[in-house]
Amino acid sequence: MTAPSISVSETPLVLYTLRRADDALILGHRLSEWCGHAPMLEEDMALSNMALDLLGQARTFYTYAAAVEGNGNDEDKLAYLRDVRQYRNLLLAELPNGDFAHTMVRQFFYSAFADLYWRAMMTSSDATLAAIAAKSEKESAYHLRHSSEWIVRLGDGTEESHVRAQRAIDDLWAFTGEMFAVDDSERGLIEAGIAADPAALRPAWLGTITAVASEATLVLPGNDWMQQGGRSGRHSEHLGHLLSELQSMQRTFPGATW
Amino acid sequence: MYTQALNNNSDAADRTIEDAAHTTAFQARIDAEARIEPNDWMPAAYRKTLVRQISQHAHSEIVGMLPEGNWITRAPSLRRKVALLAKVQDECGHGLYLYAAAETLGASREELVDAMLAGKAKYSSIFNYPTLTWADIGVIGWLVDGAAIMNQIPLCRCSYGPYARAMIRVCKEESFHQRQGYEIMLTLCRGSAAQKAMAQDALNRWWWPVLMMFGPPDQASQHGDASTKWKIKRFSNDELRQKFVDATVPQAQYLGLSIPDPGMTQDEEGHWRHGAIDWSEFKQVLAGNGPCNRDRLAARRKAHDDGAWVREAAAAYAEKRKFRQAAQAAE
Ligand SMILES: [Fe+2]
Ligand SMILES: [Fe+2]
């Protein structure tokens with residue numbers, strides 16, 4: 001007996017909130033995989049801190065999504081009982097940790113965006129989203145600082161670290177475009193003043209990325225082909241494996257309380 | 001501060017007389033319950049004993065991240081996932097304080113860690129057992145952190161100041177971990193039959209290894225005497241083990257779980273007397289033959305080896321920056 005997936009009525013606000021919750025959960029989960037295995041104890045601490053911030057964000061977003069949906073779902077049902085096609089996170093968040101350079105570049109790309117995005121969301125006309133954004137902004141500012149410092153250290157460190165950091169940038173670049181994409185569902189929320197327009201943030205994001213990369217003696221790729229699909233449930237092959245691990249207990253013991 | 005290097009003429013005999021005077025004064029301070037601080041004179045054997053004990057303790061915190069870390073990605077609810085990750089992170093923090101305490105005695109974290117990775121330094125035998133189900137996370141918090149608290153509360157009054165202060169901070173967090181572990185057990189025991197069976201199975205597997213955490217029985221313990229005289233150790237292994245058993249049996253009864261020791265009896269004074277411990281198992285685990293010794297060391301070595309280029313990059317960058325700042329200042 002395994003627990004079946006729930007169904008979710010994805011009104012624009014529910015879908016919007018789930019997307020943010022899924023970004024935070026999946027990226028937080030990835031970072032938590034480092035705990036006990038990081039290059040130094042200080043990074044076990046820092047990566048866990050970032051993971052805890054993101055998992056905390058995920059919990060508040062899921063709780064809000066469940067409340068808005070009003071169908072008796074809760075944070076755990078939304079996290080543990082949706083399958084890969086129902087997940088709405090950015091592809092960037094689900095990519096495997098790779099080496100430490102890949103993890104830090106992924107964090108850097110995401111946090112540089114999240115920091116701008118949560119700041120913009122603090123003026124959302126939705127009071128709950130504005131409050132979550134205010135808390136998330138403080139956290140993402142720290143994540144951005146921490147990951148930027150590592151990008152510079154790795155890029156301008158040794159020959160090997162430079163090669164690894166550059167490879168991570170080249171590998172992950174195509175997954176950054178999805179952060180700025182807007183679909184019809186989200187367009188309505190932007191027009192209503194509930195959601196911020198991510199496309200408007202791209203120049204500022206690019207400014208941050210460019211400045212840090214140049215200090216790190218790293219080069220941003222010229223190609224502008226961008227992968228998409230996470231927001232509508234078309235994921236990489238990696239997410240299914242992540243979910244089968246994440247959800248194993250809830251799927252194996254339907255309805256149990258832990 | 002140190003002044004010993006100034007007097008090159010003093011011969012070995014003078015030094016022996018001086019050391020004897022120092023040793024008497026040192027022991028008098030210990031007897032008066034004074035704290036020894038890093039710059040105070042201390043016998044070489046005291047220093048060596050502390051470095052060994054504190055570094056073993058630090059290694060235990062770090063290796064101890066692995067069995068529980070095994071469930072971070074599979075924790076059964078978001079609340080449990082966050083709590084477990086925060087707990088394992090706390091253990092890492094404990095490792096850091098303890099390495100820092102060992103460094104106040106002149107050891108370096110790097111050489112201590114290298115000894116552990118080379119298999120030359122010990123860590124607590126308990127972390128060489130596997131976490132097979134979610135209930136193991138409950139049992140570890142309840143019993144392993146519980147046993148750690150029994151061992152560590154007396155260390156808050158240890159004669160060496162930095163170790164005692166680290167322990168005060170660590171004990172606060174360990175008791176939080178223990179409550180959290182017990183609460184996991186309570187939830188399992190109030191849950192379905194399958195959950196309760198999972199809890200009992202975990203207790204069955206961990207009970208005896210947890211009793212072994214207190215170390216060999218008193219007559220066989222190697223370091224007991226000097227450590228007691230120096231007030232590093234205030235209770236014997238068997239005393240601490242007995243305190244732990246007495247505290248734990250009622251907790252198990254409240255959960256409705258049975259202790260896997262058919263020979264256990266309660267004596268007239270109310271103490272719960274456990275049956276004979278299989279010390280040959282303990283010896284095997286210490287000798288490297290526990291179920292997970294190889295996996296634990298392999299995981300720590302892999303993290304260390306895979307991270308080498310990152311640490312080298314950080315060092316190289318710091319060096320470049322220092323050089324650039326010096327060049328800038330010279331302009
Ligand atoms: Fe600890
Ligand atoms: Fe603990």
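Model, not experiment: these values are computed from the prediction. (Residues numbered from 1 in each chain as written. Chains lettered and ligands numbered in written order. Predicted model: local features only at pLDDT ≥ 70, side-chain atom pairs only at ≥ 80, totals over all residues. Heavy atoms only, no water.)

Per the secondary structure count, chain A includes 11 helices and 0 strands. The N-to-C order of helical and strand elements in chain A reads α-α-α-α-α-α-α-α-α-α-α. Expected size for 258 residues packed as a compact globule is a radius of gyration near 18 Å; at 18 Å, chain A falls within 12% of this value. The principal-axis extents of the C-alpha atoms in chain A amount to approximately 55 × 40 × 30 Å. Here chain A, with 258 residues, has 60% of them falling under the buried criterion. (Helix = DSSP H or I, 4+ residues; strand = E, 2+ residues; numbered from the N terminus. Rg over C-alpha atoms; globule rule 2.2 N^0.38 Å. Buried < 20%, exposed > 50% of the residue type's maximum accessible area, 1.4 Å probe, protein only.)

A separate point is the overall build of chain B. A count of helical and extended segments in chain B gives 13 helices and 2 strands. With respect to the three principal axes, the spread of C-alpha positions in chain B is 75 × 55 × 35 Å. The 331 residues of chain B split such that 50% are buried. The contacts in chain B between residues at least 6 apart in sequence include a share of 79% that link residues at least 24 apart. Only carbon and sulfur atoms are counted for the fraction: they give 55% of the accessible area of chain B, which is about 15,800 Å². (Contact = heavy atoms within 4.5 Å. Areas by Shrake-Rupley, 256 points an atom, 1.4 Å probe, with all protein chains shown as cover.)

Residues and elements named next belong to chain B. Protein-derived ligands of the iron ion (ligand 2) are Glu91 (OE), Asp145 (OD), Glu174 (OE) and His177 (ND1), with the metal-ligand distances lying across 1.8 to 2.3 Å. Note that the iron ion (ligand 2) binds 4 donor atoms; their angles at the metal cover 91 to 147 degrees, and the shape is irregular. Of note, the iron ion (ligand 2) draws all its donor residues from one chain, in the sequence arrangement E-x53-D-x28-E-x2-H. Separating the iron ion (ligand 2) and the iron ion (ligand 1) is a distance of 3.6 Å, and glutamate 91 donates to both of them. (Donors = N, O, S within 2.8 Å, 3.2 Å for Na, K, Ca; no water. Tetrahedral: all angles 85-135°; square planar, octahedral: opposite > 155°, others 65-115°.)

Residue and element names in this part refer to chain B. In the first shell of the iron ion (ligand 1), the protein supplies Glu61 (OE), Glu91 (OE), His94 (ND1) and Glu174 (OE), at 2.0 to 2.2 Å from the metal. Around the iron ion (ligand 1), the 4 donor atoms sit at angles spanning 87 to 142 degrees, and that spread fits a shape best called irregular. Mapping the donors of the iron ion (ligand 1) onto the primary sequence gives the spacing E-x29-E-x2-H-x79-E. Residue class for glutamate 91 comes out buried when judged on its relative accessible area of 5%.

If you walk through the whole model with that rule in mind, you get 32 salt bridges over all chains. Its salt-bridge partner being Arg153(A), residue Glu149(A) comes within 3.8 Å of it at the nearest N-O pair. Here the residue Glu149(A) and the residue Arg153(A) both occupy positions in helix H6 (residues 127-155), the gap between them amounting to 4 residues, near one helical turn. A salt bridge links Arg29(B) to Asp40(B), with the shortest nitrogen-to-oxygen separation between them at 3.2 Å. In this pair, Arg29(B) is assigned in helix H1 (residues 12-31) and Asp40(B) in the loop between H1 and helix H2 (44-63), connecting sequence segments 11 residues apart. On the basis of relative accessible area, Arg29(B) is assigned to the partly exposed category, the value being 33%. (Salt bridge = Lys/Arg side-chain N within 4 Å of Asp/Glu carboxyl O.)

Here we come to helix H6 (residues 134-152) of chain B. With 19 residues, H6(B) extends 26 Å from end C-alpha to end C-alpha; this agrees with the ideal 27 Å at 1.5 Å per step. Of all the bends in H6(B), the greatest, near 35 degrees, is centred on Ile140(B). (Expected span 1.5 Å × (residues − 1). Bend = angle between axes of the 7 residues up to and from the residue.)

Before going further, it helps to spend a moment on the confidence of the model for chain B. Residues and elements named next belong to chain B. For chain B, per-residue confidence averages 94 on the pLDDT scale, and 95% of positions sit at 70 or higher. Counting interchain partners and residues more than four positions distant, the pLDDT-below-50 stretch residues 1-9 has 3 contacts. Complex prediction metrics read pTM 0.95 and ipTM 0.98. (pLDDT = per-residue confidence, 0-100.)

Residue and element names in this part refer to chain B. Side chains of Glu103, Glu110, Glu111 and Asp114 sit close together on the surface and give a patch of like negative charge. Take the negative patch: its biggest share by element is 3 residues, from helix H5 (residues 109-117). Secondary-structure assignment places glutamate 110 in helix H5. The exposed category is assigned to glutamate 110, whose relative accessible area is 62%. (Patch = residues over 30% accessible without salt bridge, like charges linked within 9 Å, V, L, I, M, F, W, Y side chains within 5 Å. Lys, Arg positive; Asp, Glu negative; His and termini not counted. Charge placed at Lys NZ, Arg CZ, Asp CG, Glu CD.)

If you look at the interface, chain B gives 44 residues, while chain A gives 48 residues. Taking both sides of the interface into account, the surface hidden between chain B and chain A amounts to around 4,000 Å²; carbon and sulfur atoms contribute 69%. Taken as a group, Leu78(B), Gln89(B) and Trp309(B) account for 20% of the area that chain B buries against chain A, more than any other trio of residues on that side. At the junction of chain B and chain A, the tally comes to 3 salt bridges. For Lys320(B), the salt bridge is made with Asp156(A), and the minimal N-O distance between the two is 3.1 Å. Those elements that place two or more of their residues in the side of chain B that touches chain A are helix H3 (65-69), helix H4 (78-103), helix H7 (161-189), helix H8 (193-212), helix H12 (293-306) and helix H13 (308-330) of chain B. The dominant element in the side of chain B that touches chain A, judged by the number of residues it contributes, is H4(B), at 13 residues. Grouping the amino acids of the side of chain B that touches chain A by side-chain chemistry returns 27 nonpolar, 7 polar and 10 charged. (Buried area = accessible area lost by both parts, 1.4 Å probe. Nonpolar A, V, L, I, M, F, W, Y, C, P; charged D, E, K, R; others polar.)

Right, let's get into the packing of aromatic side chains. The description of an aromatic ring pair uses the distance of the two centres, along with the angle that the planes make with each other. Residues and elements named next belong to chain B. Applying the stated rule across the entire model yields 21 aromatic pairs over all chains. When the ring of tryptophan 71 is compared with that of tryptophan 134, the centres are 6.3 Å apart and the planes differ by 65 degrees; the resulting orientation is edge-to-face. On the criterion of sequence distance, the pair formed by tryptophan 71 in the loop between H3 and H4 and tryptophan 134 in helix H6 is long-range, its members being 63 residues apart. Each ring, one from phenylalanine 214 and one from phenylalanine 244, has its centre 5.3 Å from the other, and the planes form 45 degrees; the classification is tilted. Linking phenylalanine 214 in the loop between H8 and helix H9 (224-229) with phenylalanine 244 in helix H10 (residues 237-255), this pair joins segments that are 30 residues apart in sequence. (Phe/Tyr/Trp six-rings, centres within 6.5 Å; stacked < 30°, edge-to-face > 60°.)

With that settled, consider the side chain of Glu139(A). Residue and element names in this part refer to chain A. The residue glutamate 139 is located in helix H6 in this model. In this structure the side chain of glutamate 139 is engaged in a polar contact, spanning 2.9 Å, whose partner is the side chain of glutamine 57. In this structure glutamate 139 touches Asp53 and Gln57, once residues within four positions along its chain are discounted. (Polar contact = N/O pair within 3.5 Å; in protein donor to acceptor, adjacent residues only side chain to side chain.)

This part is about unusual backbone geometry. Look at Thr217(A): it is not a glycine, yet its phi comes out positive at around 55 degrees. Structurally, Thr217(A) is set in the loop between helix H9 (202-215) and helix H10 (238-246). Although it is not a glycine, Glu33(B) adopts a positive phi angle of roughly 65 degrees. Mapped onto the elements of the fold, Glu33(B) is located in the loop between H1 and H2.

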